[in-house]
Amino acid sequence: MLPTVYVTGGSLGARQVNELVAEILPELLRHANVFHQAGGLLADEAHAAALRLPADLRARYLVRGFVGEELADLLALADVVVSRSGGGTVSELTALGKPSVLIPLVPTGGDEQRRNAEHLAARGAARMLAGEDATPARLAEELAALLTDPLRRADMAEQARGMGRPDAAAALTGEVLALCGRQDS
C-alpha cells in the first residue's frame, strides 16, 4: 500500500506550496497517494495540473479547495503532511505526531511561521524548506526520504508527538483559574 501525503496551504491555499507540488507531482505520485487542499481560490490551478497527469497516476491525486469536518480523518490517514507552519497547523501536527515538511510563509509580521518551522526541525519533528531551499528539487528530496523510510517517518512522528500539547486548553484554563484564585476546573 502506498503512503498518503496531505498537502495544504490552509483554507485559502498557498500558491507557493501548490506550485512546488505541481512541479514534482508526477514523480511524487509514483510513490504516494496525494490529497491536496489547494485553497478555494487556487483549486482550479491544481485541477488543471491533475488533468495533465498520465491516466494511471491521476487516480492517486485528489484535489479539494477546502477541507471541512473530514479534516480529522484526513490527518489520521496522512503518513506525511506538507504545509505552512502557522501556530494552529503546528499544534495539530505535534498533537497528532505527524511527520511533516513545513514551508513557512515568509515574511509574516513576527516571522512566527519560520520560527515555528525551525523549532520543529531543530528537534527532528519536521523538515523545513524556506527561502532558497524552497525548491521543487528539495521538496522532492525531502518527501522521497520520508516516503521510502518508514522508520524515519516513525521517528519524526515520535519527535512531533513529544512536542505536542493536546491538553493545552485545559492547562491554560487551569492557569487562568489559579490566577483568579479558583481551584476548580
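See the structure shown above.
Along each chain, the written sequence defines residue order, and numbers are assigned to residues from 1. Whole-chain, interface and lining totals are the exception, using all residues; otherwise, since this is a predicted model, local features are given only for residues with pLDDT of at least 70 and side-chain atom pairs are given and counted only at 80 or more. Computation of side-chain values: all heavy atoms of the structure, hydrogens and water removed.

Observations concerning the sheet that holds strand β1 (residues 4-8)
A pair of strands is treated as paired once DSSP finds two or more bridges between them. Where helices and strands are cited, they refer to DSSP runs of H or I of at least four residues and of E of at least two residues respectively, numbered from the N terminus. Taken together, 6 strands build an open sheet; the order of strands is β3-β2-β1-β4-β5-β6 and the sheet is parallel. Across the chains shown, the open sheet's two edge strands, defined by having one partner strand only, are β3 (61-64) and β6 (127-128). In this structure, strand β2 (residues 33-37) lies alongside β3, joined through 4 bridges in parallel fashion. Residue pairing in the sheet places F35 in a bridge with L62 of β3.

Brief notes about the environment of G40
Inspection of the secondary structure assignment puts G40 in the loop between β2 and α2 (43-51). G40 gets classed as exposed once you look at its relative accessible area, which sits at 57%. Taking the C-alpha atoms as reference, G40 lies 29 Å from A157; in sequence the two are 117 residues apart. A 1.4 Å probe rolled over the protein chains alone gives each residue an accessible area, and that area as a share of the maximum for its type sets the label: buried under 20%, exposed over 50%, partly exposed in between.

What about the environment of A122?
You can see A122 is positioned in helix α6 (residues 112-122). Given the relative accessible area of 62%, A122 is considered exposed. In this structure, the C-alpha to C-alpha distance between A122 and E23, residues 99 residues apart in sequence, is 27 Å.

Focus: the nonpolar core
For the purposes of this section, nonpolar cores are sets of buried Ala, Val, Leu, Ile, Met, Phe, Trp, Tyr and Cys residues that join through side-chain atoms within 4.5 Å. Grouped together as the largest cluster of nonpolar side chains are 31 residues, with contacts concentrated most on V5, L28, Y61, V82, L139 and L143. Every element with two or more residues in this core is listed here: β1, α1 (15-29), α2, β3, β4 (80-83) and α7 (136-147). At 7 residues, α1 tops the list of elements feeding residues into this core. By definition in these notes, contact holds between two residues if any of their heavy atoms fall within 4.5 Å. Leaving out residues up to four positions away in the same chain, V82 has contacts with V5, Y6, V7, T8, V17, V101, I103, L139 and L143. Listed in part, the 15 residues of the second largest apolar core include Y6, V67, L75 and V81.

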